[in-house]
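The residues making up each chain are set out below.
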Amino acid sequence: MRRKQETNVTCPACGTELTIAGKKVSIAETPATSVKQARLPKTAHERIEALRNVGVDVSCLFAMQGANGGDYVASNQNGKLSILDDNDPIFDYILEKGTVPNRHLFRRFVMAQMFHMLSFKDYGAWSPVGVTEMIHRLGYEYQWKMLLDELRAQMKMERNDPENFKDRNRWFNVKVVTAMAEDYIEQLKAHVESLPVKKCKGIPYKRLGSQNIFVQDLHSKLYGQLRIAARFIETAGNATQLYNAVKKFNDKRFKMKHATPQSKAWVDAYKGAGAFFTMQNLIRFHNCTAIDDRGRRLDKYRSLAFLSAKAEEYKNGNGWRLLAALKKMLDDNGIDIRKKMAEWRKK
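Residues numbered from 1 in each chain as written. Predicted model: local features only at pLDDT ≥ 70, side-chain atom pairs only at ≥ 80, totals over all residues. Heavy atoms only, no water.

Draft legend 1. Quick look at the pairing of strand E7 (residues 203–208). Examined bridge by bridge, strand E6 (residues 198–200) and E7 share three bridges and lie antiparallel to one another. Note on E7: the bridge partner recorded for Cys200 is Ile203. Linking E6 to E7, which pair antiparallel, is a turn of two residues; within it Lys201 sits at a positive phi near 55 degrees. Of the strand pairs in this sheet, E7 and strand E8 (residues 211–214) are connected by four bridges, and their pairing is antiparallel. Bridging from a neighbouring strand, Leu208 pairs with Gln211 of E8. Where E7 folds back onto E8 in an antiparallel hairpin, the turn is made up of two residues, including Gly209, whose phi is positive at roughly 65 degrees. (Pairing = 2+ DSSP bridges. Helix = DSSP H or I, 4+ residues; strand = E, 2+ residues; numbered from the N terminus.)

Draft legend 2. Broad picture of helix H8 (residues 218–234). For H8, with 17 residues, the first-to-last C-alpha span of 23 Å sits near the 24 Å given by 1.5 Å per residue. The largest bend along H8 measures about 35 degrees and falls at Gly224. Burial in H8 covers these residues: Leu218, Leu222, Tyr223, Leu226, Ala229, Ala230 and Ile233. (Expected span 1.5 Å × (residues − 1). Bend = angle between axes of the 7 residues up to and from the residue. Buried < 20%, exposed > 50% of the residue type's maximum accessible area, 1.4 Å probe, protein only.)

Draft legend 3. Geometry of the packing of helix H7 (residues 174–194) against helix H10 (residues 264–285). Look at H7 against H10: their axes get within 8 Å of each other, and the N-to-C directions meet at 145 degrees. The residues of H10 that touch H7, namely those facing Val176, Ala179 and Met180, are Ala265, Trp266 and Ala269. The class makeup of the residues in the contact of H7 with H10 is six nonpolar, no polar and no charged. (Axes fitted to C-alpha atoms, helices over the stretch in contact; angles between N-to-C directions. Contact = heavy atoms within 4.5 Å. Nonpolar A, V, L, I, M, F, W, Y, C, P; charged D, E, K, R; others polar.)

Draft legend 4. Here's a closer look at the side chain of Lys189. Structurally, the position occupied by Lys189 is in helix H7. Among buried Asp, Glu, Lys and Arg side chains, Lys189 stands out as unpaired, with Glu186 the closest opposite charge at 4.3 Å. Lys189 has contacts with Tyr223 and Arg227, leaving out every residue within four places of it along the chain. (Lys, Arg positive; Asp, Glu negative; His and termini not counted. Salt bridge = Lys/Arg side-chain N within 4 Å of Asp/Glu carboxyl O.)

Draft legend 5. Region of interest: the pattern of salt bridges. Tallied over the full model, the rule gives 16 salt bridges. Across the salt bridge formed by Glu312 and Lys315, the nearest N and O atoms sit 3.1 Å from each other. Accessibility expressed as a relative area gives 33% for Glu312, which makes it partly exposed. Taking the shortest distance from any N to any O, the salt bridge between Asp332 and Lys328 comes out at 2.7 Å. With Asp332 and Lys328 both in helix H12 (residues 319–332) and four residues apart, the pair spans about one turn of that helix. Lys328 sits in the partly exposed class, given a relative accessible area of 41%. One network of salt bridges, in which partners are shared, links Asp167, Arg170, Glu312 and Lys315.

Draft legend 6. Molecular detail of the environment of Leu138. One can find Leu138 in the loop between helix H4 (131–137) and helix H5 (142–160). Residue class for Leu138 comes out buried when judged on its relative accessible area of 15%. Distance from Leu138 to Ala259, taken between C-alpha atoms, is 9.1 Å for residues 121 residues apart in sequence.

Draft legend 7. Representation of the sheet that holds E8 in the model. Spatial strand order, E6-E7-E8: three strands in an open sheet with antiparallel pairing. Looking at which strands have only one partner, the edges of the open sheet turn out to be E6 and E8. Shown here is a sheet whose adjacent strand axes are inclined to one another by a mean of 45 degrees, direction ignored.

Draft legend 8. Layout of the packing of aromatic side chains. On inspection of all chains with the given rule, the structure shows seven aromatic pairs. Consider the rings of Trp144 and Tyr184, whose centres lie 6.4 Å apart with planes at 85 degrees: the pair is edge-to-face. Taken together, the residues span a long stretch of sequence, with Trp144 in helix H5 and Tyr184 in helix H7 at a distance of 40 residues. Every member of this aromatic cluster is reached through a ring pair, and the members are Tyr142, Trp266 and Tyr270. In this structure, Lys189 is placed above the aromatic ring of Tyr223, and the distance from its NZ or CZ to the ring centre is 5.9 Å. Over the aromatic face of Tyr184 sits the side chain of Arg253, whose NZ or CZ is 5.2 Å from the ring centroid. (Phe/Tyr/Trp six-rings, centres within 6.5 Å; stacked < 30°, edge-to-face > 60°. Lys NZ or Arg CZ within 6 Å of the ring centre and 35° of its normal.)

Draft legend 9. Main features of helix H9 (residues 239–252). An ideal rise of 1.5 Å per residue puts 20 Å on 14 residues; H9 measures up with 20 Å between its terminal C-alpha atoms. Those residues of H9 that sit buried are Ala239, Leu242, Tyr243, Ala245, Val246, Phe249 and Asn250. Around the axis of H9, the buried residues are gathered within 165 degrees of arc, so they sit on the same side. Turned more than 90 degrees from where H9 packs its buried face, Lys248 and Asp251 sit exposed. In this fold, the buried residues of H9 make contact with H5, helix H6 (162–169), H7 and H8. The opening residue of H9, the one whose side-chain oxygen lies 3.1 Å from the backbone nitrogen of Thr240, is Asn238. (Arc of directions from axis to C-beta. Polar contact = N/O pair within 3.5 Å; in protein donor to acceptor, adjacent residues only side chain to side chain.)

Draft legend 10. Representation of the packing of H5 against H9 within the structure. Relative orientation of the contacting elements H5 and H9 amounts to 160 degrees, with a least axis distance of 8 Å. Relative to H9, H5 is oriented roughly antiparallel. Where H5 crosses over H9, the two elements pack in a sense that is left-handed. The residues of H9 that touch H5, namely those facing Trp144, Leu147, Leu148, Leu151, Arg152, Gln154, Met155, Glu158 and Arg159, are Ala239, Thr240, Leu242, Tyr243, Val246, Lys247, Phe249 and Asn250. Counted by class, the contact of H5 with H9 contains ten nonpolar, three polar and four charged residues. (Parallel < 35°, antiparallel > 145°, perpendicular 65-115°, else oblique. Left-handed = near helix turned anticlockwise from the far one by under 90°.)

What follows is the structure in structure tokens.
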């Protein structure tokens, strides 16, 4: 069977990168940005900080005060000193869109993955395989790798970016991670029970990975240790404590087979987060708007508020409903994913 050639496609509006063909796609952990109101910060220091917060390289910028007290943003790039006017294109974009475009923002990579999952077809198939199946194909261990990356990012955001921390922690939090840990222990017990019983001097034991564990010690040396680690997850009071607790739990884990069913709580959170950040990107950069529950078409900022309200409503085990809302938004705005990718390829 001939392998399809992979093609990288970049959206000219927001910088989302999509790979056409190929089966494996992963979320890249990159800095996130918060939703900014469409207004220009007053002082030069505030304008530089606003640019820094959305990922713009400000290493060549500095605040400068004139002899008459005026406040300016100055640029010293390649040894050339210049003053940025208030109508500089970068500031115009803040006023027009409320956001500075940056291809390395987290939600753009999430959008790339969601588009891939929504549209991917097996070779020769007529219809996409579906998001649930695509998530399953990532394998059991992917959920733990992704979770550690996510919690590491949240740990930094809790201190420096509370707005984005709230958006990310809505999906991957103590409740979800506790459910993942409990699910793992149950999956492990089922796996151990399926292993053949061996004997050493007449004492039954089971071989798990590279370790031999006497059957009589399974609860004290295996399951009990994991449950203690899971309690630290359940009682974590902040993002740093949660990350450290998950890391310790993960260090105690035995890896599971690729096809082992992933935690339902994680799958639901994954769908919810993916749909949320994809819709946020569609609204902010692709002129998409939401239709509310009364059938009214909303403007950009009401659409963002409506999206946040729905995310709060669906965050506790109903993230899959937000995926349905994403599909509805694509239909309501007449967006065909494959046509969109073809359009980007031309541009």
